[in-house]
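Summary of structural features
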Amino acid sequence: MNTKEALKQLAQKLCGYDFIFHPKFLEELRSLLSKELKGKEDKFFKCLTNQLKYIHDFGILVYQTDGHEQIKGFDGHYFSIHIEGKEFNIRFLVHISNTGTSHFLCAFYERAGHRKDDYTSYTDVLKQRFRELEEGDANNE
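Figured I'd write up the structure that's included with this text. Note that the coordinates shown come from a computational prediction; the quantities given were computed from them, not determined experimentally.

**Remarks on the overall build of the protein chain**
Within the protein chain, the regular secondary structure consists of four helices and five strands. Written out in order from the N terminus, the α and β elements of the protein chain read α-β-α-α-β-β-β-β-α. Taking all 141 residues of the protein chain together, the buried fraction comes to 43%. For the protein chain, the share of sequence-separated contacts (at least 6 apart) that also reach a separation of at least 24 residues comes to 51%. Accessible surface computed for the protein chain: about 7,800 Å², of which carbon and sulfur atoms make up 47%.

**Concerning the nonpolar core**
One finds F44, I55, I81, I83, I90, F92 and F104 to be the most contacted residues of the largest nonpolar core, which totals 23 residues. Secondary structure elements with two or more residues in this core: α2 (23–34), α3 (41–58), β3 (78–85), β4 (88–96) and β5 (102–109). Listed in part, the nine residues of the second largest apolar core include I71, L93, C106 and L126.

**Brief notes about the side chain of H95**
Relative to the helices and strands, H95 is located in strand β4. The exposure class assigned to H95 is buried, which follows from its relative accessible area of 6%. Each residue touching H95, except ones within four places of it in the same chain, is listed here: D75, H77, Y78, T101, S102, H103, L105 and F130.

**Topic: α3**
When the terminal C-alpha atoms of α3 are compared, their 25 Å separation across 18 residues agrees well with the 26 Å that a helix rising 1.5 Å per residue should span. All buried positions along α3 are accounted for by E41, F44, F45, L48, Q51, L52 and I55. One side of α3 carries all its buried residues, which in axial view fall inside an arc of 135°. Counted as exposed and oriented over 90 degrees from the buried face of α3: D42 and K46.

**Concerning the pairing of β5**
The element β5 is largely enclosed, with a buried count of eight among its eight residues. Judged from the three bridges that link them, strand β1 (residues 19–21) and β5 form a sheet pairing that is parallel. Bridge pairing in β5 places I20 opposite H103.

**Some thoughts on the sheet that holds β1**
Ordered in space as β1-β5-β4-β3-β2, the five strands form an open sheet in which the pairing is mixed. Edge strands, defined here as strands with exactly one partner in the open sheet, are β1 and β2 (69–70). With seven bridges joining them, β4 and β5 adopt antiparallel strand pairing. Each bridged residue has a counterpart across the sheet, and for H95 the counterpart in β5 is H103. Packed onto the sheet, α2 meets β1, β4 and β5 and runs at close to 35° relative to β5.

**Quick look at the pattern of salt bridges**
Under the defined criterion, the tally for this structure stands at five salt bridges. One salt bridge connects D57 with K53, and the closest N-O pair in it is separated by 2.7 Å. One end of the pair is D57 and the other is K53, both in helix α3 and four residues apart, which spans about a single turn. Of the residues examined, D57 reaches a relative accessible area of 45% and is grouped as partly exposed. Overall, the relative accessible area of 43% leaves K53 in the partly exposed class. The closest approach of N and O atoms between E69 and R91, which form a salt bridge, is 3.1 Å. With E69 in strand β2 and R91 in strand β4, this pair connects stretches of sequence that are 22 residues apart. What makes R91 buried here is its relative accessible area of 6%.

Parameters at a glance
Residues numbered from 1 in each chain as written. Predicted model: local features only at pLDDT ≥ 70, side-chain atom pairs only at ≥ 80, totals over all residues. Heavy atoms only, no water. Helix = DSSP H or I, 4+ residues; strand = E, 2+ residues; numbered from the N terminus. Buried < 20%, exposed > 50% of the residue type's maximum accessible area, 1.4 Å probe, protein only. Contact = heavy atoms within 4.5 Å. Areas by Shrake-Rupley, 256 points an atom, 1.4 Å probe, with all protein chains shown as cover. Core = buried A, V, L, I, M, F, W, Y, C linked by side-chain atoms within 4.5 Å. Expected span 1.5 Å × (residues − 1). Arc of directions from axis to C-beta. Pairing = 2+ DSSP bridges. Axes fitted to C-alpha atoms, helices over the stretch in contact; angles between N-to-C directions. Salt bridge = Lys/Arg side-chain N within 4 Å of Asp/Glu carboxyl O.

Written as structure tokens, this is what we have:
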């Protein structure tokens, strides 16, 4: 499956969910699909489908499922979503509102034992990207 087909399938799976994607998140996901996830798309999308359903169904309680984390030091609405398989270890950093709207802010490959790939190095951009989405200027960076 190529990156374009993978993104098309993702769009179909998201139909009906209240998800908003920062343009940088989509760039990061596209890069992951063309590099680290190349040839692993089917396995990745099976895991991803489950995790997206958890985000949709559980909202701000998603941290109680599947090893997801509520990011400390924020207002309780920022989460690290772990999408893991034998061949990949992906993190999505997401803001989820009280109404369940999910804002996907960062996507990256987390390498075991590499502190620089841990989500804590991304926390500086979370509020900025969320603010850009709220203000409608995410495309004008």
